[in-house]
Amino acid sequence: MGRLVMNASVSVDGFIAAENDDPGPLFEWLVSGDVPLDDSGVLNVSQASYDHIRPYWDEIGVTIVGRHVFDITDGWDGKPPSGIDHVVVVTHRPAPEGWDSNAAFHFVDGIEAAVATAKELAGDRTVEVAAGDVGGQVLAAGLVDEVRMDVAPVVLGSGKRYFGSVDSHHLLEDPDVVVRGNRVLHLRYQVRR
């Protein structure tokens, strides 16, 4: 079975977006290089970032997000982002009216159901959970294997926290990957069990 990874770009003071969901310069690193990260023609990163991110993106089978992320992205127009096979949406509400039931999106109530659904869909591939409130809940439940951060050199001062509202200690191992790219420091930590 694949591993469960919590991932996002984050400010040095631990925020993934401002209160109004604006990420500000957190994604500047995705357009600050000369190596295409995908076929969009938009994402260009340094070679170091490409060598770190592209293999990771290729191993992701399913991403878990909260309903808020789904709503602010307009459900990615029914196509999972970055070549991911499926998106599992944690929500207490049904799919939007008129939503294509054949789209690779799965609406579930609660993090345990989200993780079980995602792992079943992913098989041996990686399950990614978006950082923020849902990611923090999955970490607090002891279900995260690895934490990845793309740390941007910016201080937001306030906003939406990388670990959401986690209110207890969770130990991570020392970083086992540290990669410096343009406008970003990529970190990877294994969760201590």
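Everything that follows concerns the structure shown earlier in this document.
Now for a description of the structure that goes with this document.

About the cut-offs
- Residues numbered from 1 in each chain as written.
- Predicted model: local features only at pLDDT ≥ 70, side-chain atom pairs only at ≥ 80, totals over all residues.
- Heavy atoms only, no water.
- Helix = DSSP H or I, 4+ residues; strand = E, 2+ residues; numbered from the N terminus.
- Rg over C-alpha atoms; globule rule 2.2 N^0.38 Å.
- Buried < 20%, exposed > 50% of the residue type's maximum accessible area, 1.4 Å probe, protein only.
- Contact = heavy atoms within 4.5 Å.
- Areas by Shrake-Rupley, 256 points an atom, 1.4 Å probe, with all protein chains shown as cover.
- Lys, Arg positive; Asp, Glu negative; His and termini not counted.
- Charge placed at Lys NZ, Arg CZ, Asp CG, Glu CD.
- 1 Å grid on protein atoms, 1.4 Å probe; cavity = no way out; pocket = protein on both sides within 12 Å on 5 of 7 lines; lining within 4 Å.
- Points joined across faces, edges and corners; volume = space filled by probe spheres on them.
- Nonpolar A, V, L, I, M, F, W, Y, C, P; charged D, E, K, R; others polar.
- Pairing = 2+ DSSP bridges.
- Polar contact = N/O pair within 3.5 Å; in protein donor to acceptor, adjacent residues only side chain to side chain.
- Expected span 1.5 Å × (residues − 1).

## A word on the overall build of the chain
Inference 1: From N to C terminus, the chain includes four helices and 12 strands.
Inference 2: Relative to the 2.2 N^0.38 estimate, which gives 16 Å for 193 residues, the radius of gyration of the chain is 16 Å and therefore close to what a compact globule would have.
Inference 3: In the chain, which comprises 193 residues, the proportion classed as buried is 45%.
Inference 4: Long-range pairs, those at least 24 residues apart, make up 66% of the contacts in the chain between residues at least 6 apart in sequence.
Inference 5: Here the chain has roughly 9800 Å² of accessible surface; of this, 51% comes from carbon and sulfur atoms.
Inference 6: Charged side chains in the chain number 15 positive and 30 negative. The centres of these two groups are separated by 4 Å.

## Considerations on the layout of surface pockets
Inference 1: Estimates place the volume of the largest pocket at around 1200 Å³.
Inference 2: Forming the boundary of the largest pocket are 41 residues, of which Ala8, Phe27, Val69, Trp76 and Ala130 lie nearest the centre.
Inference 3: Counting residues per element, the ones that place at least two in the lining of the largest pocket are β1 (4–11), β2 (15–17), α1 (47–59), β5 (60–66), α2 (67–72), β8 (126–130), α4 (133–140) and β10 (160–161).
Inference 4: Of the residues contributing to the lining of the largest pocket, the split by class is 21 nonpolar, 12 polar and eight charged.

## Structural notes on the pairing of β8
Inference 1: By the criterion of burial, β8 is predominantly enclosed, with five of the five residues buried.
Inference 2: Relative to β8, β1 runs parallel, the two being bridged by four bridges. Considered in β8, the bridge of Met6 is made with Val129.
Inference 3: Both β5 and β8 contribute to a ladder of four bridges, which runs parallel. Residue Ile64 lies in a different strand from β8, and its bridge partner there is Val129.

## Description of the side chain of Ser11
Inference 1: Examined against the element boundaries, Ser11 turns out to sit in strand β1.
Inference 2: A polar contact is formed between the side chain of Ser11 and the side chain of Asp13, at a distance of 2.5 Å.
Inference 3: Once residues within four sequence positions are removed from consideration, Ser11 is found in contact with Leu26, Val151, Ala152, Val154 and Leu156.

## Describing α1
Inference 1: With 13 residues, α1 should cover 18 Å at 1.5 Å per step; its first-to-last C-alpha distance of 19 Å lies within 8% of that length.
Inference 2: Of the residues making up α1, those classed as buried are Ser49, His52, Ile53, Arg54, Tyr56 and Trp57.

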